[in-house]
Amino acid sequence: MLDHTEYTATTADLELALRLKKMSHHTRSSTISSLRNLQRNISKDGDLSVDEIRFIAEDPAPTLRNQIGKKAAQVFSDARRAIRVWDEDPIRTLAIKLSGKLVTCEHAIDAAHLNFPIERAKRAEAAIRTFAKHLNQPVDTIIATETVIAPNLIALTPEDLGVGSIQTLKNKKTLILAAIRLVDPISLGRIKADTTRLNEDWQTTVDMLVARVPMHSPSVTAIFRRLAMMFHADAKIPLDLTKEDLAYFVHVERQTHAKSFENKLRTAMKIWNGLVQEGSFKSVLFDRSRAVARLPDVAWEDVPSRIREPLDALLGQASRADRSGGVWEDLIDDDLGVPEAEIDAELDSNELAINPATAELWRRSVKRVWHAATYEMSGPGMPETIDMLFTAQNARVFVTAVWQIRREKLEKAGKDWDANKKGIYETGLLKMFVQAGRLLGVDAAQLEKVSEFIKKIDPAIVGKKKMPDGSVRLIYEDLRIGPRHADMLRPFNHDTVLLRWFKAPGQLWAEALGGKARLSGIGPKDAAIARSALILQILQRVSPLRRTNLARLRVSGPQPHIHLPVGNGEGRLYLPAVEMKNLRAVEVRIDPETVGMIRDFVHLFRPIALSREEVSSANEHLFPGSARQRKELGSGGEYAKGFGYHSPDAFSQTYSKHMRNKCALNVDMHVARHIAAKIILDMDPSAMGLVQEILEHKRIETTRAYYAEVSKIIAQKRYLQLLDRATQRALGNIDFMVHFEKQLGS
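Described in the following lines is the structure provided in the data block. All of these numbers come straight from a predicted model, not from anything done at the bench. (Residues numbered from 1 in each chain as written. Predicted model: local features only at pLDDT ≥ 70, side-chain atom pairs only at ≥ 80, totals over all residues. Heavy atoms only, no water.)

1. Focus on helix α14 (residues 218-233)
Taking 1.5 Å of rise per residue, the 16 residues of α14 would be expected to cover 22 Å, and the 23 Å separating its terminal C-alpha atoms lies within 8% of that figure. For α14, the full list of buried residues reads Val220, Thr221, Ile223, Phe224, Arg226, Leu227, Ala228, Met229, Phe231 and His232. On its buried face, α14 sits against α13 (200-211), α15 (243-256) and α16 (262-278). The first or second residue beyond α14 is alanine 235, which carries a positive phi of 60 degrees. (Helix = DSSP H or I, 4+ residues; strand = E, 2+ residues; numbered from the N terminus. Expected span 1.5 Å × (residues − 1). Buried < 20%, exposed > 50% of the residue type's maximum accessible area, 1.4 Å probe, protein only. Contact = heavy atoms within 4.5 Å.)

2. Overview of the nonpolar core
Side chains of a nonpolar character, in soluble globular proteins, are inclined to be buried together. Judged by nonpolar contacts, the single largest core of 116 residues is most densely connected at Leu38, Trp501, Leu550, Leu553, Leu622 and Met659. The element contributing the most residues to this core is helix α28 (residues 524-541), with nine residues. Beyond its immediate stretch of four places on either side in the chain, methionine 659 contacts Trp501, Ala504, Leu508, Leu536, Ala664, Leu665 and Val667. One finds Trp300, Trp403, Ala436 and Leu440 within the second-largest nonpolar core, a separate group that totals 36 residues. (Core = buried A, V, L, I, M, F, W, Y, C linked by side-chain atoms within 4.5 Å.)

3. Considering the environment of leucine 573
Within the secondary structure, leucine 573 sits in strand β4 (residues 571-575). For the pair leucine 573 and valine 588, spaced 15 residues apart in the sequence, the C-alpha separation amounts to 5.4 Å.

4. Quick notes on the sheet that holds β4
Spatially, the three strands line up as an open sheet ordered β3-β4-β5, and their pairing is antiparallel. Each edge of the open sheet carries a strand with a single partner, namely β3 (562-563) and β5 (586-590). In this structure, β4 lies alongside β5, joined through five bridges in antiparallel fashion. Of the residues in β5, the one forming a bridge with leucine 575 is valine 586. The strands that helix α30 (residues 592-612) touches are β3, β4 and β5; relative to β5, the one it contacts most, it runs at about 90 degrees. (Pairing = 2+ DSSP bridges. Axes fitted to C-alpha atoms, helices over the stretch in contact; angles between N-to-C directions.)

5. Looking at the pattern of salt bridges
This model, assessed by the stated rule, comprises 24 salt bridges. Its salt-bridge partner being arginine 266, residue glutamate 262 comes within 3.9 Å of it at the nearest N-O pair. Remark: arginine 266 and glutamate 262 occur in helix α16; sequence separation between them is four residues, near one turn of the helix. The buried category is assigned to glutamate 262, whose relative accessible area is 16%. For arginine 266, a relative accessible area of 23% puts it in the partly exposed group. One salt-bridge network, held together by shared partners, links Arg254, Glu262 and Arg266. (Salt bridge = Lys/Arg side-chain N within 4 Å of Asp/Glu carboxyl O.)

Keep in mind these values describe shape, not function.
Here's what the structure looks like:
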């Protein structure tokens, strides 16, 4: 039990106790309103103490009754109710614990035992402690606000909380959130500050601050009121504040509100600093520096015209280029130290010739390096021409600026700067930068210096090897799966996760069909769920296609990709080479179950999509929408308006949301390709050739580069299993009775 014998509780603590007490909303609001009424009618510098309120409520003076007026009886009755709540020891103890502090999950557990039935409180405590164990943090260090907790709950899987079903996981999440809301300042209403109790110093300061608040910005006004109330409760005036005080206030605000609140908070900090610098009142300044993930963004139009316009002109020609190749192949070679497999997998020259996304990456690389050169004051100055921009010095300035910002961001988040993890983003962007330079005809020797710098920061380069002819060959690490996808893939080492993955198409499909039982019938949400179910079914049972190819699947018209049988039986999926990233055609069977799903989707759900997307009824695509680019005709080729397909980005986001919320699987569409490879290698670590065929890689080197680490881990697991089996067999052949008989004879 907390020792609070010397703690002087005030009206603010009494209000908090009332918010923690289980009672009707009307009764609580009325009681708090009466307490504030009583506070206003007593002339006193600072808040009333609980003991003062107790004395006044038990024997109110006639003059005070007259001063309050007709509501006097109600005010004093409510004050006595508040005192009775305060006298409940568990509530009083928790209110004192929470006074002026950030709430933690330990407080949420205490509040659950105060408000929930006994068994529900026990389940809530168990769920919170399991959740804390999953986060590897003590319960008294995890901030208990919905802003902090909710994002962590979204990513939970049944394995994380040790439960066996998705429904049980949902119940645990609901229970944790319910306990958190018992102490969350926003849920409790503590976010609404009562400024009537402020002393003269704070009241004057708040008035000056509020006068500078832009119109229609009540959130900024509320920030100033909360700031005043926080330090008023600590008996500090603006002059007494330290930088640490203001930093703590900012920390509390960020932990309590959503990320979208950040702009309002920065506005408030700017207004405060402006008034202090003007001399309107004396106090310390807010530290407004806050790291961002990368350099601040700039528009492409901000880049000087002598750099921007030549690149735009050449990219315009690229978008009209045919697939015959030629100069485009010369843009990609081994000068960058890019392995041959990587060129094939990611930087296919034919794709560069027509892919608008690649053209946008070229523009972004040029824009980023140019901006860094102007952003970093120690750099060579603002490049105005192509020759001035494409230098190793500017590349170095860009990398230095990015690393500095990233390091500051990590340090502010309390994380260590890991030198081994730097360079992935910068290396990829600078490789595109060099390609853009070649396209623009920059001097080869000048670009060679940039390429040499890239090799120094490329985290994929693990060493060098001197060849017999005297040349030096770069050695690249095998692992090619990015860290985000690696994190998504890791949980699939659990059989229960893999089982949910296999069950997910049927689960989503059954939920989508449930709309038929409603009076309103199947709606857009059902159609979206059915789309995700069918996508996953195709990825699992037909072919792990890239999301762009999935989005563009045609189910009718003169050149359909999907060919369904007339009756029962198998269908066929055919994607011509010209539409594929690596120019390898795909021709696979469609099993009868998937054939049935496709037919049902076209009959039940696709008409809803046609109507919702406002596209033509003659649209050929399985997933109709407004995206119109026709890849086989180049970036200049388009479908007619109304005959396009659903945006790959949009349906990928919806798919990921359905998988996370309904199946407790944190995956995107591309991870299906990695899962397919993992399942094959789980069964046979040597089956790289099969993985190559399933994923339609042009070269086995690409497959080996991506899945070498997966294969090694699986091979090691297989080896340990065989080792255990051999050990057990060896132990089973030892005759321990011989030694036993010898001991008896002795």
